[in-house]
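# Observations on the three-dimensional arrangement
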Amino acid sequence: MSFVNKVLVAIGSGLKHVFLVKRFTLRYPQQRSVLYGDGYKYDPKEGVGIAGYRGRHILFTDKCTGCSLCFIMCQGISTAIEMIHLENIQVPVNKKSNFPQIDYTKCVYCGFCVDACPFYALVESNEYEIDAYDRESLIFTPEQLAIPPKTPKGTYDIEYEGGAHHRA
Ligand code: SF4
Ligand code: SF4
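Before going into details, it helps to say that this report is about the structure given with it.

Calculation rules
- Residues numbered from 1 in each chain as written.
- Chains lettered and ligands numbered in written order.
- Predicted model: local features only at pLDDT ≥ 70, side-chain atom pairs only at ≥ 80, totals over all residues.
- Heavy atoms only, no water.
- Helix = DSSP H or I, 4+ residues; strand = E, 2+ residues; numbered from the N terminus.
- Buried < 20%, exposed > 50% of the residue type's maximum accessible area, 1.4 Å probe, protein only.
- Contact = heavy atoms within 4.5 Å.
- Near = heavy atom within 4 Å.
- Nonpolar A, V, L, I, M, F, W, Y, C, P; charged D, E, K, R; others polar.
- Core = buried A, V, L, I, M, F, W, Y, C linked by side-chain atoms within 4.5 Å.
- Phe/Tyr/Trp six-rings, centres within 6.5 Å; stacked < 30°, edge-to-face > 60°.
- Lys NZ or Arg CZ within 6 Å of the ring centre and 35° of its normal.

When helices and strands are counted, the protein chain shows four helices and nine strands. The helix and strand sequence of the protein chain, counted from the amino end, reads α-β-β-β-α-β-β-α-β-β-α-β-β. Within the span of the protein chain, comprising 168 residues, buried residues form 32% of the whole. Here the contacts in the protein chain between residues at least 6 apart in sequence split such that 69% fall between residues at least 24 apart.

This is the structure we're talking about:
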């Protein structure tokens, strides 16, 4: 392609995006994208991941056996999980009362800990707004992880046909 043609293609692409393509970026936090489903899950019996957003985890303490597989998995990634002993949570399937705690200053939201859990005890939610003024507040105890987040409703829908853009 000649230099002139390349310039014309670039100008054409620019004009197309100015007049034809809808703006893709959101005015966060006033605008938010819609997240479909409840978040990322893994079905260990079927051996398949269930697609969803990989945000803040939810721990089902009644299902957690304290097996530490999520902890072992995370050790090779970011050491975000620590197993801690809790006296105040008594679960028949978890005799030693050891549960995962997650440090969100380290977590990369890869979801491998969810994949590693054989007991449906760990999932990821749609919550992505995790902030604090100090690092300690970003370490979520098992009790905190057990409380489902209040995920804000999205205001914009995104479609992907012909390039990603908003339906609105
Ligand atoms: S999602 Fe976070 S806690 Fe889980 S394995 Fe990945 S880095 Fe570790
Ligand atoms: S969340 Fe799952 S993998 Fe982690 S300790 Fe509990 S049962 Fe084991």
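Looking now at the site of ligand 2. The immediate surroundings of ligand 2 are formed by 13 residues, with Cys64, Cys67, Ser68, Cys70 and Cys117 found nearest. Taken together, the residues of the shell around ligand 2 break down into 10 nonpolar, three polar and no charged.

The next thing to look at is unusual backbone geometry. For Ser68, which is not glycine, the phi torsion reads 75° and is therefore positive. Mapped onto the elements, Ser68 comes out in the loop between β3 (57-59) and α2 (69-75). Residue classification places Ser68 among the buried positions, given a relative accessible area of 19%. In this structure, Ser97 takes a positive phi of about 55° despite not being glycine. Mapped onto the elements of the fold, Ser97 is located in the loop between β4 (81-85) and β5 (98-103).

Formed by 23 residues in total, the largest nonpolar core has its most connected members in Phe99, Tyr104 and Leu122. Of all the secondary structure elements, the ones that give two or more residues to this core are α2, β4, β5 and α3 (112-116). When near neighbours in sequence (up to four residues on either side) are disregarded, Phe99 contacts Leu59, Thr61, Cys64, Glu82, Met83, Ile84, Leu86, Ile89, Val91, Asn94 and Pro142.

Turning our attention to the packing of aromatic side chains. The description of an aromatic ring pair uses the distance of the two centres, along with the angle that the planes make with each other. Counted according to the given criterion, the structure contains three aromatic pairs. Seen in terms of ring centroids, Tyr104 and Phe140 are 5.0 Å apart; in terms of plane orientation they differ by 85°. Their pairing is edge-to-face. Taken together, the residues span a long stretch of sequence, with Tyr104 in the loop between β5 and α3 and Phe140 in strand β7 (residues 139-140) at a distance of 36 residues. For Tyr104, a relative accessible area of 7% translates into the label buried. Given the relative accessible area of 14%, Phe140 is considered buried. Members of the aromatic cluster, joined through ring pairs, are Tyr104, Tyr109 and Phe140. The positively charged end of Arg54 is found above the aromatic ring belonging to Tyr40, 4.2 Å away from the centroid. Against the face of Phe60 rests Lys63, its NZ or CZ located 5.2 Å from the ring centre.

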